[in-house]
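Residues per chain, in single letters:
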Amino acid sequence: MPAPAHVDPRLLRAFVTVAEELHFTRAAARLYVAQQALSRDVRRLERELGTELFVRTTRQVTPTADGERLLPYARRVLQAQDDLLAAFGQARPLLVDLNSPGLVTGRLVLERARGLASGEELMARYESGLTHAAAELLAGRLDVSFGRFAGLAPALRAGLGHQPVRYEPMAVVLPEDHPLAGLPRVPLAALAGETVYAGAGNPRTAEWTDLAHRLFEGRGIEVAAPAPLAVGEEEFQRIMDKTRNPILAVVSFPAMASTVVRPLVDPVPLSPVSLVWRKGMAHPAFDALRRAAAQVAAEEGWLRRPAGGWIPGVDAAVMSVHT
């Protein structure tokens, strides 16, 4: 077996888990990754080492002789990594960006993770949008965020991993005296001729504005021109009170005075939400956060797309594969 110059511990963890489970599906579930991603990592490790590590048949997976030889070394490397994280990772909290106070998805995942990793500190941050948070992730000033992964530039996505968490139905926030405010649900066609605020000009939330443009295209709905960048709920409401534009939001958007939140229908537009992190990021609480995201998503049915649900094709492709 030729000696590689470097081996990513993530690939070794994939190998060890498959070797212990002797089953790719069970190993993927244990690691909270897609089976396709797990198989890709094992194949990559085999290429880097220049040898096959498993014999795969339709009935079983068994280590080759080189796989058996690698296993104790891989376990020692991973144990050393775990020891290192235990020694230094506990000195700081895991910094989790929830985008904005009041949004439900990230908060529920964080609450579950705190229960799963009660000995660790997980601290909430509020970076407003994934575009801004992605730069903070890559710079190491933030550990995890939530948002629309497909809306990031390819150069940013290349340095990040993601795990699909939710297809969140979208909504519109209306002044309570708006002609559409009396409807329990607002058909998209009813917004034709409206100018809807979707964060245009806010560099922190470019992925959200892009989603709005894709949704409104061909429907006669305009994205509102940039408004002064408001920091804080009170300032945001003050600016929106001045413009009186409807606001594109999600169904869990926190209530504001003198407004109503109405789900959008015909079709039901969906905001794809992923858990996003810097590749290679390690922290004792990170696995608990991924586990929490998978658990809450399964319990709430967050990854079941409703009949007639709408998302852009690029998002459908990205949400079908995670790392």
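Anything mentioned here points back to the structure above.
Residues numbered from 1 in each chain as written. Predicted model: local features only at pLDDT ≥ 70, side-chain atom pairs only at ≥ 80, totals over all residues. Heavy atoms only, no water.

S.K.: Give a description of the overall build of the protein that names residues and reports values.
M.R.: Across its full length, the protein holds 11 helices and 13 strands. Taken along the three principal axes of its C-alpha coordinates, the protein extends 70 × 45 × 35 Å. Here the protein, with 323 residues, has 46% of them falling under the buried criterion. Within the protein, counting contacts between residues at least 6 apart in sequence, those at least 24 apart form 76% of the total. With 36 positive and 35 negative side-chain charges, the protein shows a separation of 5 Å between the mean positions of the two kinds. (Helix = DSSP H or I, 4+ residues; strand = E, 2+ residues; numbered from the N terminus. Buried < 20%, exposed > 50% of the residue type's maximum accessible area, 1.4 Å probe, protein only. Contact = heavy atoms within 4.5 Å. Lys, Arg positive; Asp, Glu negative; His and termini not counted. Charge placed at Lys NZ, Arg CZ, Asp CG, Glu CD.)

S.K.: Mind laying out the packing of aromatic side chains, listing which residues take part and the relevant values?
M.R.: Per the stated rule, a full pass over the model turns up 3 aromatic pairs. Taking the centre distance of 5.4 Å and the plane angle of 45° together, the rings of F15 and F54 count as tilted. Placement of F15 in helix α1 (residues 9-21) and of F54 in strand β1 (residues 54-56) is noted, with a sequence separation of 39 residues between them. Each member of the pair, F15 together with F54, is buried. A centroid spacing of 6.3 Å and a plane angle of 75° characterise the contact between F24 and F54, whose relative ring orientation is edge-to-face. In this pair, F24 sits in helix α2 (residues 24-31) while F54 sits in strand β1, placing the two residues 30 residues apart along the sequence. When sorted by exposure, F24 lands in the same class as F54, which is buried. Taken together through their ring pairs, the aromatic side chains of F15, F24 and F54 make up a single cluster. (Phe/Tyr/Trp six-rings, centres within 6.5 Å; stacked < 30°, edge-to-face > 60°.)

S.K.: Explain α2 residue by residue, including any values.
M.R.: Along α2, the positions that sit buried rather than exposed are F24, A27 and A28. Mapping the buried residues of α2 onto a view down its axis gives an arc of 100°, with all of them on the same face. Residues of α2 that are buried in the fold lie against α1, α3 (35-49), β1 and β2 (61-63). (Arc of directions from axis to C-beta.)

S.K.: Residue-level account of the pairing of strand β12 (residues 268-278), with values.
M.R.: Of all the 11 residues making up β12, 10 are buried; the element is thus mostly covered by neighbouring parts of the structure. Relative to β12, strand β5 (residues 144-147) runs antiparallel, the two being bridged by 4 bridges. Paired with V144 across the two strands is W277, which belongs to β12. Pairing of strand β6 (residues 160-175) with β12 involves 9 bridges; the strand directions are antiparallel. Each residue of the ladder has a partner; that of P164, found in β12, is S274. As paired elements, β12 and strand β13 (residues 309-310) share 2 bridges and run parallel to each other. Across the sheet, the residue bridging to V268 is G309, located in β13. (Pairing = 2+ DSSP bridges.)

S.K.: Could you give me a rundown of the pattern of salt bridges, with the residues and numbers involved?
M.R.: Within this structure, the stated rule accounts for 16 salt bridges. Residue R75 is joined to E20 by a salt bridge in which the shortest nitrogen-to-oxygen separation is 3.3 Å. On the criterion of sequence distance, the pair formed by R75 in helix α4 (residues 65-88) and E20 in helix α1 is long-range, its members being 55 residues apart. Look at R75 and you get partly exposed, because its relative accessible area is 41%. Accessibility expressed as a relative area gives 35% for E20, which makes it partly exposed. For R166, the salt bridge is made with E168, and the minimal N-O distance between the two is 3.5 Å. Here the two residues R166 and E168 agree in accessibility, since each one is buried. Three or more residues are tied together by salt bridges with common partners; here these are R148, D210, R214 and D315. (Salt bridge = Lys/Arg side-chain N within 4 Å of Asp/Glu carboxyl O.)

S.K.: If you had to explain the nonpolar core to someone new, which residues and values would you point to?
M.R.: Counting 24 residues, the largest nonpolar core has V109, L122, L275 and L289 as the members making the most contacts within it. Counting only elements with at least two residues in this core, the list comes to β3 (94-97), α5 (104-116), β5, β12 and α10 (286-300). With 7 residues, the single largest contributor to this core is α10. Among all residues touching L275, those that are not within four sequence positions of it are V144, S145, F146, G161, H162, Q163, V165, L289, R290 and A293. V186, L188, L211 and L215 belong to the second-largest nonpolar core, a separate cluster that totals 23 residues. (Core = buried A, V, L, I, M, F, W, Y, C linked by side-chain atoms within 4.5 Å.)

S.K.: How would you sum up the pairing of strand β4 (residues 122-125)? Please name residues and give values.
M.R.: In terms of strand pairing, β3 meets β4 through 4 bridges, oriented parallel. Across the sheet, residue L95 finds its bridge partner in β4, namely M123. In this view, the connection linking β3 to its parallel neighbour β4 by way of α5 has right-handed handedness. (Right-handed = clockwise from strand over helix to strand, strands pointing away.)

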